[in-house]
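Chain and residue survey
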Amino acid sequence: MHIMEGYLPASHAVGWFAASAPFVVAGAIRLKRIVAERPQAKMMLAAAGAFTFVLSALKMPSVTGSCSHPTGTGLGAVVFGPMVMAVLGTIVLLFQALLLAHGGLTTLGANVFSMAIVGPWVSWAVWRLAGSLGASITVAVFLAAALGDLATYCTTALQLALAYPDPASGILGALAKFGSIYAITQIPLAIAEGLLTVVVMNALSGRAGMGDEIVTLSGKAE
Amino acid sequence: MGTNQRSWWLLAAAAAIIAAPLALPGLGGAFKGSDDLGTEAILATHPGTQPWARPLWTPPSAEVESLLFALQAALGAGILGYVIGRRHGAKRGDDHR
């Protein structure tokens, strides 16, 4: 989902920066408040960031014959809500833009929007919705992580379709084309991310059932 | 089925999903990165597109790039493992800090 450096027209690049900035600022304020109010949550915040760090470094083969990587933002979104992931995701994307030439600084706003904002918000919404529909914690965590991952890649496809509409079939045609590259490839990887997120959430919550543990992980209880 | 045992099954399923494209006949392909394919798709409909910015620094070789990717994963896994260990220790009561 990393749009390469310099590949978004300047107006789009600026627009995505403007769209992302408020989320990142609000996320930073929220992050600061969480750390101040519940210092015991620091470890879990580090773990949420670390999970994103690991998963976004792993480029995995998919059934479409190409490779892509999971995002790992669902875990933190479930535990802390979507806001803080805007900050943690931006850190990961900056690391990759500066040290790996993966993504870029001009496309940072767009990449933050897809991976650090849309993905976590979708994860969080799915988590809440699945919970209110009576899904078990495990199923809700799985769905949240998998669908958040997929939403990130659909957003990338949309961003590219807006920037590079197909000469014949327009934005919709381009969306189908970029969607087939990004979103279809991502389906099995999103399922794998969902499974891994459940495993890591289990491991983080110790041996007890996950029920109240997610509240404990976020530092709200304890 | 205990949580631990279930975790092993989930990990095995994730590994199978990742390995399947490599192992199953009839699937497969060049396994290029989807980001590169995205860029190729841009050039297919908009030939002559030139990026208007270049990365400030590019790893000089695929080896150095894979080093940095491995470093990224190792840093993340290290922190994650530390936190998981601390939480298990705290639960068992052998963490007296």
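Cut-offs applied
- Residues numbered from 1 in each chain as written.
- Chains lettered and ligands numbered in written order.
- Predicted model: local features only at pLDDT ≥ 70, side-chain atom pairs only at ≥ 80, totals over all residues.
- Helix = DSSP H or I, 4+ residues; strand = E, 2+ residues; numbered from the N terminus.
- Rg over C-alpha atoms; globule rule 2.2 N^0.38 Å.
- Buried ≥ 20, exposed ≤ 12 C-beta atoms within 10 Å, placed from the backbone.
- Contact = placed C-beta atoms within 7 Å.
- pLDDT = per-residue confidence, 0-100.
- Nonpolar A, V, L, I, M, F, W, Y, C, P; charged D, E, K, R; others polar.
- Pairing = 2+ DSSP bridges.
- Domains from an automatic or database assignment.
- Expected span 1.5 Å × (residues − 1).
- Axes fitted to C-alpha atoms, helices over the stretch in contact; angles between N-to-C directions.
- Parallel < 35°, antiparallel > 145°, perpendicular 65-115°, else oblique.
- Left-handed = near helix turned anticlockwise from the far one by under 90°.

1. Here's the deal with the overall build of chain B
The secondary structure content of chain B amounts to three helices and one strand. Tracing chain B from N to C terminus, the helices and strands come up as α-β-α-α. For 97 residues, the compact-globule estimate of 2.2 N^0.38 gives 13 Å, and chain B exceeds it by more than 25% at 21 Å. Based on the C-alpha atoms only, the size of chain B along its principal axes is roughly 65 × 40 × 25 Å. Taking all 97 residues of chain B together, 18% fall into the buried category.

2. Overview of the overall build of chain A
Counting secondary structure elements, chain A contains eight helices and two strands. Reading chain A from its N end, one meets helices and strands in the order α-α-β-β-α-α-α-α-α-α. Taking 222 residues into account, the globule formula puts the C-alpha radius of gyration at 17 Å, and chain A, at 17 Å, falls close to it. In terms of principal-axis extent, the alpha carbons of chain A reach across some 55 × 35 × 30 Å. Within chain A, residue pairs in contact and separated by at least 24 positions form 72% of the contacts whose partners lie at least 6 positions apart.

3. So, the confidence of the model for chain B
Residues and elements named next belong to chain B. Per-residue pLDDT for chain B has a mean of 88; in total, 93% of the residues score no lower than 70. Ranking the elements of chain B by mean pLDDT puts strand β1 (residues 32-33) last with 90 and helix α2 (residues 34-45) first with 93. At the level of chain-chain contacts, confidence expressed as ipTM amounts to 0.91, with global pTM at 0.94.

4. Structural notes on the interface of chain B and chain A
Every contact between the two is made by 51 residues of chain B and, on the other side, 53 residues of chain A. The set of elements that each furnish at least two residues to the side of chain B that touches chain A consists of α1 (3-23), β1, α2 and α3 (62-92) of chain B. Per element, the largest residue contribution to the side of chain B that touches chain A is 16 residues, and it comes from α3(B). Tallied by class, the residues present in the side of chain B that touches chain A amount to 30 nonpolar, 14 polar and seven charged. As judged from the two bridges shared by strand β2 (residues 66-68) of chain A and β1(B), these two strands associate in the parallel manner. Across the sheet, A:C67 pairs through a bridge with B:G33, a residue of β1(B).

5. Section: the environment of A:H2
Along the chain, A:H2 turns up in the segment before α1 (10-37). Taking C-alpha positions, A:H2 is 14 Å from A:F53, a pair spaced 51 residues apart along the chain. Setting aside anything within four residues of it in sequence, one finds A:H2 in contact with A:Q96, A:H102, A:G103, A:N111 and B:D35.

6. A look at unusual backbone geometry
Phi at A:A101 is positive, roughly 50°, even though this residue is not glycine. A residue is classified by how many C-beta atoms lie within 10 Å of it, and A:A101, with 19 of them, is partly exposed.

7. Focus on the sheet that holds β1(B)
With mixed pairing, the three strands of this open sheet are ordered in space as β1(A)-β2(A)-β1(B). The sheet is open, and its two edges are formed by β1 (60-61) of chain A together with β1 of chain B, each paired on a single side.

8. Concerning the domain arrangement of chain B
A common way to state how big an interface is: give the accessible area lost once the parts meet. Assigned domains of chain B: these are domain 1 (1-50) and domain 2 (60-97). Using only C-alpha atoms to locate each centre, domain 1 of chain B and domain 2 of chain B end up separated by 24 Å.

9. Overview of helix α5 (residues 108-132) of chain A
All names here are of chain A. Over its 25 residues, α5 extends 35 Å from the first C-alpha to the last, a length consistent with the 36 Å expected when each residue adds 1.5 Å. With respect to burial, α5 is a largely interior element, 19 of its 25 residues being buried. With its phi angle positive at about 90°, G134 sits one or two positions after the end of α5.

10. Some details on the packing of α1(A) against helix α4 (residues 83-99) of chain A
Residues and elements named next belong to chain A. At their nearest, the axes of α1 and α4 sit 7 Å apart, and the two run at 105° to each other. Classed by the angle they form, the pair α1 and α4 counts as roughly perpendicular. Every residue of α4 that contacts α1 at F23, V24, A26, G27, A28, R30, L31 and I34 is listed here: M83, V84, A86, V87 and T90. For the contact of α1 with α4, a count of residues per class yields ten nonpolar, two polar and one charged.

11. Points about α1(A)
Residues and elements named next belong to chain A. Here α1 spans 40 Å end to end across 28 residues, near enough to the 40 Å set by a 1.5 Å rise per residue. Every buried residue belonging to α1 is among H12, A13, W16, S20, F23, V24, G27 and I34, and all of these are buried. Contacts from the buried residues of α1 go to α3 (73-80), α4, α5 and α6 (137-163).

12. Some words on the packing of α3(A) against α5(A)
Residues and elements named next belong to chain A. Following both chains from N to C, one finds α3 and α5 inclined at 55°, their axes separated by 8 Å at the closest point. The angle between the axes of α3 and α5 places the two elements in the oblique class. Judged by the sense of rotation from one axis to the other, the crossing of α3 with α5 is right-handed. Along the contact surface, α3 presents T73, G74, A77 and V78, while α5 presents M115, A116, G119, P120, S123, W124 and W127.

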